[in-house]
Amino acid sequence: MMASASKKQPTFVTKRLRLRPFRANDGAALHLLYGDAGNLRYWGTDPSPSAARTQKMIRWHMGYRPRNYVLWAVEEIKSRRLVGMINYHRRELREKRVDVGWLILLEMQGKGFMTEAGQALLRHLIDDLGVHEVEALIRKGNKASAALAKRLGFRLEGGPIRDRWQVGGEWH
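Computed from a prediction, not measured in an experiment: that's the story for all the values here.

Student: Even after reading the chapter, I still don't get the side chain of Gln9, so can you show me in this structure?
Tutor: Looking at where Gln9 falls in the secondary structure, it is placed in the segment before strand S1 (12-13). A distance of 2.9 Å separates a polar atom in the side chain of Gln9 from the backbone oxygen of Leu71. Beyond its immediate stretch of four places on either side in the chain, Gln9 contacts Arg20, Pro21, Gly63, Tyr64, Val70, Leu71 and Trp72.

Student: Got a minute to help me understand the pairing of strand S2 (residues 17-20) in this structure?
Tutor: The two faces of the sheet receive side chains in turn, since in a regular strand these alternate between them. Looking at chain direction, S1 and S2 are connected through two bridges and run antiparallel. Paired with Phe12 across the strands is Leu19, a residue of S2. Between the end of S1 and the start of S2, which pair antiparallel, lie three residues. Looking at chain direction, S2 and strand S3 (residues 70-76) are connected through four bridges and run antiparallel. Bridged to Leu19 within S3 is Val74.

Student: Any chance you could explain the packing of helix H1 (residues 27-34) against helix H2 (residues 51-62) here in plain terms?
Tutor: Pairs of packed helices are described in terms of their axes, by the angle between the two and the distance that separates them. Orientation of H1 relative to H2, taken along the N-to-C sense of each, is 105 degrees, at an axis distance of 9 Å. Our classification of the angle between H1 and H2 gives roughly perpendicular. Contacts between H1 and H2 pair Gly27, Ala28, Leu30, His31 and Tyr34 from the former with Ala51, Thr54, Gln55, Met57, Ile58 and His61 from the latter.

Student: Would you take a moment to explain the environment of Tyr34 for this structure?
Tutor: Mapped onto the elements, Tyr34 comes out in helix H1. We classify Tyr34 as buried; its relative accessible area is 7%. Not counting the four nearest positions on each side in its chain, Tyr34 is found in contact with Leu40, Pro47, Ser48, Thr54, Met57, His61, Met85 and Leu103. A polar contact of 2.7 Å, which involves the side chain of Tyr34, links it to the side chain of His61.

Student: How do you make sense of the sheet that holds S1 when you look at a structure like this?
Tutor: In a beta sheet, neighbouring strands are held together by backbone hydrogen bonds and run either parallel or antiparallel to one another. Judged by pairing direction, the sheet is mixed, and its six strands sit side by side in the order S1-S2-S3-S4-S5-S6 without closing on themselves. For this open sheet the edge positions go to S1 and strand S6 (133-135), each flanked by a neighbour on one side alone. Lying over the sheet, H1 contacts strand S4 (81-92) and strand S5 (97-104), oriented at roughly 75 degrees with respect to S4.

Student: What is the right way to look at the nonpolar core in this model?
Tutor: Here is a general trend for soluble globular proteins: nonpolar side chains tend to be buried in one another's company. Leu19, Ile86, Tyr88, Val100 and Leu125 are the most contacted members of the largest nonpolar core, which totals 41 residues. In terms of residue count, the dominant contributor to this core is helix H3 (residues 113-128) (seven residues). In this view, Tyr88 contacts Pro66, Asn68, Tyr69, Val70, Trp72, Val98, Asp99, Val100, Leu121, Leu125 and Leu129; residues no more than four positions away in its chain are not counted.

Student: What's the story with helix H4 (residues 143-151) in this structure? I'm lost.
Tutor: For an α-helix the count is 3.6 residues per turn, leaving residues at separations of three or four pointing the same way. Taken as a whole, H4 has its buried residues at Ser145, Leu148 and Ala149. The buried residues of H4 occupy one face: seen down the axis, they fall within an arc of 100 degrees. Turned more than 90 degrees off the buried face of H4, the exposed positions are Lys143, Lys150 and Arg151. Of the residues one or two after H4, Gly153 is the one with positive phi, at around 100 degrees.

Student: So what exactly am I meant to see when it comes to the pattern of salt bridges here?
Tutor: Any two side chains of opposite charge can pair, given that their charged atoms come close. Under the criterion given, the structure shown has 10 salt bridges. Between Arg18 and Glu75 there is a salt bridge, with its nearest N and O atoms 2.6 Å apart. On the criterion of sequence distance, the pair formed by Arg18 in strand S2 and Glu75 in strand S3 is long-range, its members being 57 residues apart. Its relative accessible area of 2% is what places Glu75 among the buried residues. Where Glu95 meets Arg94, a salt bridge forms, and the shortest distance between an N and an O atom there is 3.6 Å. Take Glu95: its relative accessible area is 39%, and that puts it in the partly exposed class. Residue classification places Arg94 among the exposed positions, given a relative accessible area of 77%. Beyond isolated ion pairs, a larger network of salt bridges with shared partners links Arg18, Arg20, Arg23, Asp26 and Glu75.

Parameters at a glance
- Residues numbered from 1 in each chain as written.
- Predicted model: local features only at pLDDT ≥ 70, side-chain atom pairs only at ≥ 80, totals over all residues.
- Heavy atoms only, no water.
- Helix = DSSP H or I, 4+ residues; strand = E, 2+ residues; numbered from the N terminus.
- Polar contact = N/O pair within 3.5 Å; in protein donor to acceptor, adjacent residues only side chain to side chain.
- Contact = heavy atoms within 4.5 Å.
- Pairing = 2+ DSSP bridges.
- Axes fitted to C-alpha atoms, helices over the stretch in contact; angles between N-to-C directions.
- Parallel < 35°, antiparallel > 145°, perpendicular 65-115°, else oblique.
- Buried < 20%, exposed > 50% of the residue type's maximum accessible area, 1.4 Å probe, protein only.
- Core = buried A, V, L, I, M, F, W, Y, C linked by side-chain atoms within 4.5 Å.
- Arc of directions from axis to C-beta.
- Salt bridge = Lys/Arg side-chain N within 4 Å of Asp/Glu carboxyl O.

Now the structure itself:
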């Protein structure tokens, strides 16, 4: 049974992480994620050109719209450092499906953080929101995200999807 939408964004705690709502003062940390072209090489957007531009995105990140999308800051508990972002978006209530996305600082990749974060998000989507299908659109060549999706239990369906994202004037 699908739970009714809470008015407050939930926080999830794993062994090493806290998935929490974004805060107004997360702009500088968020810019480390969004301002790095290498980190966004498989993402569906160009890098943020400045910390000031990234700071303007905070309001959208802080928005809690569980019927449409929700973004969580992925914070390492030990250091209290924001190391990534995970979200669901394109939620289809009737079809009980969502898309998910994740992004982690390059130097934090390969430590299992996104596996932990992904497991927490999937539990919430399935157990709390009654979602039936979760999709992760992963660009060709993004071996790390493909491996993460496999660890989380996703299976390859179709593809490759073409002309889904336009980044830097090129369609991917």
